[in-house]
Amino acid sequence: MNAYLANAEKTKEVIERHGFAFRKQFGQNFLIDSAVPEAIVRAAELTKDDTVLEIGPGIGTMTQYLAEAAGHVVAVEIDKTLIPVLADTLAGFDNVTVLQGDILKTDLGAIIDEAGGSVKVVANLPYYITTPIIMKLLAQAEGIGLITVMVQEEVAERIVSGPGSKAYGAISLGVQYYAEPEIVRSVPPHCFMPQPKVASSVLKLKRREKPLVTPQDEAHMFACIKAAFLQRRKTLPNALSGYAPLAVSRDQAAAALKAMGLDERARGETLDLAQFARLSDRLVQER
Ligand code: SAM
């Protein structure tokens, strides 16, 4: 039986034995507090019928817990120097497949098909690409029903926030369109090696059966949202007309808001997703 890695002594020992050097560009902060992977695995609702996709297994700290709780674990790690380390630390588990590669370039469909149509995602995400990873998982892979990930606390707060809050923005709307987000717990910097500068949160995203709203043109609605928050201090007519891909005039945007019963000086941060969908539908008709 492999000794659990989730403590500072064992992590140091594995790293030194393999001559591993942390690579800052890969966002490597390894877990060294066993309470955290335990809490993550509990939140991930795993059973032996599940295949888990783990993004960035590192030296395999959380992978060990996942292998015990799930039927199969597919772990995608970008850092080639970690592959021999994982072969060592996961040697006692016959239900783990390690793939070397970049998750943003990985064919998720192939992994999901291989797993029989659905997988759960669990990860302590590399912070430099949190948003593109989460959006790829939600927008490109319906077979992913539940995502349980560690992210920076500030990002978790942005994802769960609603209209009127300072933290509310394009990422809140992008995620909430596909999923119900929930912050499970906060995780302080001392639970990682090396310690990050900021606190982290475990975030759970439960995919909705269907997206929260049904705009006529999804891409157009997201372009409106992007425009609104690119210049969040501007009124919506100014922000939308200033974003060339939308090809909308200030007057058209103001008229659309008025027809919806909204103030034409409203800012994007006051609109919820249903209102963005309605606004987009009106502007689409004017194209
Ligand atoms: N899961 C380990 C843990 O909790 O101790 C490591 C987490 S560490 C925050 C992030 C991991 O993601 C690192 O192992 C890093 O090399 C890996 N990584 C970074 N960018 C990646 C990418 N684009 N695709 C796959 N893995 C990546």
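Use the structure listed above.
Quick summary incoming for the structure in this document.

Rules and cut-offs
- Residues numbered from 1 in each chain as written.
- Predicted model: local features only at pLDDT ≥ 70, side-chain atom pairs only at ≥ 80, totals over all residues.
- Heavy atoms only, no water.
- Helix = DSSP H or I, 4+ residues; strand = E, 2+ residues; numbered from the N terminus.
- Contact = heavy atoms within 4.5 Å.
- Areas by Shrake-Rupley, 256 points an atom, 1.4 Å probe, with all protein chains shown as cover.
- Lys, Arg positive; Asp, Glu negative; His and termini not counted.
- Charge placed at Lys NZ, Arg CZ, Asp CG, Glu CD.
- Phe/Tyr/Trp six-rings, centres within 6.5 Å; stacked < 30°, edge-to-face > 60°.
- Buried < 20%, exposed > 50% of the residue type's maximum accessible area, 1.4 Å probe, protein only.
- Salt bridge = Lys/Arg side-chain N within 4 Å of Asp/Glu carboxyl O.

This part is about the overall build of the chain. Helix and strand counts for the chain come out as 12 helices and 9 strands. Taking the principal axes of the C-alpha coordinates as reference, the chain spans close to 70 × 40 × 30 Å. Excluding contacts between residues fewer than 6 apart, the proportion of contacts in the chain whose partners are at least 24 apart in sequence is 68%. Put simply, the chain shows about 13,200 Å² of open surface, and 50% of that area lies on carbon and sulfur atoms. In the chain, which carries 31 positive and 34 negative side-chain charges, the distance between the mean positions of the two groups comes to 8 Å.

For the structure shown, the criterion picks out 8 aromatic pairs. Here phenylalanine 229 and phenylalanine 276 contribute two aromatic rings whose centre-to-centre distance is 6.2 Å and whose plane-to-plane angle is 45°, an arrangement assigned as tilted. Taken together, the residues span a long stretch of sequence, with phenylalanine 229 in helix H9 (residues 218–230) and phenylalanine 276 in helix H12 (residues 273–285) at a distance of 47 residues. Residues phenylalanine 229 and phenylalanine 276 agree in their burial class; the two are buried.

Applying the stated criterion across every chain, the model contains 10 salt bridges. Aspartate 263 is paired through a salt bridge with arginine 265; the nearest N and O atoms lie 3.0 Å apart. Residue class for arginine 265 comes out exposed when judged on its relative accessible area of 61%. Across the pair arginine 267 and glutamate 269 runs a salt bridge whose closest N-O atoms are separated by 3.8 Å. When salt bridges that share partners are traced, they join Lys10, Glu13, Arg17 and Asp88 into one network.

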